[in-house]
Amino acid sequence: MSQSRELSDEQVGRELEKMMAFIKQEASEKAKEIRLKADEEASKEKSRLVQEGSDAIEADYEKKYKSLSQSQQIQRSQVANKTRLRILASQQQLIDDLFDETEKQLAGVSKDKGKYKTLLKGLVLESVERFGVPTLMVQARKEDAAAAAEAAAEAAKEYKSKTGKECKITHDESTCLGPDVYGGLVITSGKIAIDNTLAARLDELRTEALPDIREKLVGKNINRKFYD
Amino acid sequence: MSQKTQGIQQLLEAERKAAEIVQSARDYRTTQLRAARDDAKKLIEDKKKEAEGKYNSYANQNSSGSKSAEQQAEKDVEDRVKAMTAALAKGKDPVIKDLLAAVVTVE
């Protein structure tokens, strides 16, 4: 190092120092900016993600609650239906039992000969009026053959005296009704038949008599609107 | 070493250090973002657990409520069937009489 160069060395040195300081300064400022922005970005990103996540969770659970409420409703209505059906089934069973008991007593009807004959005659008469046709056949159980023939004759007579019209009612001996009809008659005109057996008449009541039975057992139905 | 080259070396060294400073700031950014995502994830997990907990306790309450409703319905059915059976047993005789009368009566 020569003496003549000392001053310019100092100058150079200072310039260098200045440049180095400048480089460092620039870097520090840039770094500071990057860090500041980084904090801001990170905070924003965190909020954004949390909000997104929360919204997704909310939507998810809203669906879950809704579906839960639906399945609860379905369950409630199923229980209600099941209950109603069970009660109806019980009612039906009780009514069936009642009719079965009644049926057992049908056998006793034909024992009172006098009343039975009157009944048979009435059944024939009713059928004559319903058919409106002058020729009819009457079917009966084996043991009722005689009573049936008699009823047919009596009915024809009464019909004539009431309406003046002739009618021919004969006992069809070729067909015998089974014992499970408990009595009564089947009246036919050609292919059409009116089933007036005791069993059939009771059967008709199985549906027809229900409102009446209900009333007798549990009293009037306050909700009923039609009484025709 | 000549002064020129020494100076240049010093400047290069300053540049190198400056680059380090900036890089360190960039690394900081990366770390912060990652931390933000991890934090967010954890917070969301916590919220989810909370929501799940609430939902489960609600569902349990309701299922026990509906069970007791079902039991009540069961009891109601039994009571009604008992009542019907009793009413029938009590009142059937006149009803049977009336039915038989209807069978044997022709208008």
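Note that the structure is a prediction, hence the values are computed from the model and not measured. (Residues numbered from 1 in each chain as written. Chains lettered and ligands numbered in written order. Predicted model: local features only at pLDDT ≥ 70, side-chain atom pairs only at ≥ 80, totals over all residues. Heavy atoms only, no water.)

### Regarding the sheet that holds strand β3 (residues 184-189) of chain A
All names here are of chain A. Taken in spatial order, the four strands make up an open sheet running β2-β1-β3-β4, and their pairing is mixed. Only two strands of the sheet have a single partner each, and these edge strands are β2 (168-177) and β4 (192-197). With strand direction ignored, the average angle separating the axes of adjacent strands in the sheet is 25°. Where helix α2 (residues 113-131) meets the sheet, its contacts fall on β1 (135-141), β2, β3 and β4, and the angle it forms with β3 comes to roughly 25°. (Pairing = 2+ DSSP bridges. Helix = DSSP H or I, 4+ residues; strand = E, 2+ residues; numbered from the N terminus. Axes fitted to C-alpha atoms, helices over the stretch in contact; angles between N-to-C directions. Contact = heavy atoms within 4.5 Å.)

### Description of the interface of chain B and chain A
In this assembly, 54 residues from chain B lie in contact with 55 residues from chain A. Applying the counting criterion to the chain B and chain A interface returns six salt bridges. Two residues, glutamate 41 of chain A and arginine 29 of chain B, come together in a salt bridge whose shortest N-O distance is 2.8 Å. Our count for the chain B to chain A interface comes out at 11 residue pairs in polar contact (both at pLDDT 80 or more). Class assignment for the residues of the side of chain B that touches chain A results in 30 nonpolar, 10 polar and 14 charged. (Salt bridge = Lys/Arg side-chain N within 4 Å of Asp/Glu carboxyl O. Polar contact = N/O pair within 3.5 Å; in protein donor to acceptor, adjacent residues only side chain to side chain. Nonpolar A, V, L, I, M, F, W, Y, C, P; charged D, E, K, R; others polar.)

### Some words on the layout of surface pockets
Where empty space is left becomes clear once a probe the size of a water molecule has been rolled over the atoms. By volume, the largest pocket is sized at about 530 Å³. Lining the largest pocket are 21 residues, with Gln91, Ile95, Arg214 and Val218 of chain A together with Met84 of chain B positioned closest to its centre. Contributing elements (two or more residues each) for the lining of the largest pocket: α1 (6-106) and α5 (210-218) of chain A together with α1 (3-104) of chain B. Looking at which element gives the most residues to the lining of the largest pocket, the answer is α1 of chain A, with seven residues. Among the residues forming the lining of the largest pocket, the class breakdown is 13 nonpolar, four polar and four charged. Its boundaries defined by the atoms lining it, the second largest pocket holds a volume of some 440 Å³. Lining of the second largest pocket is provided by 21 residues; of these, Arg201, Glu204, Leu205 and Glu208 of chain A together with Ala102 of chain B occupy positions nearest its centre. Within the residue set of the lining of the second largest pocket, elements represented by two or more residues are α2, β4, α4 (198-208) and α5 of chain A together with α1 of chain B. Across the lining of the second largest pocket, the residue classes tally to nine nonpolar, two polar and 10 charged. (1 Å grid on protein atoms, 1.4 Å probe; cavity = no way out; pocket = protein on both sides within 12 Å on 5 of 7 lines; lining within 4 Å. Points joined across faces, edges and corners; volume = space filled by probe spheres on them.)

By themselves, these are just geometric observations and shouldn't be taken as functional.
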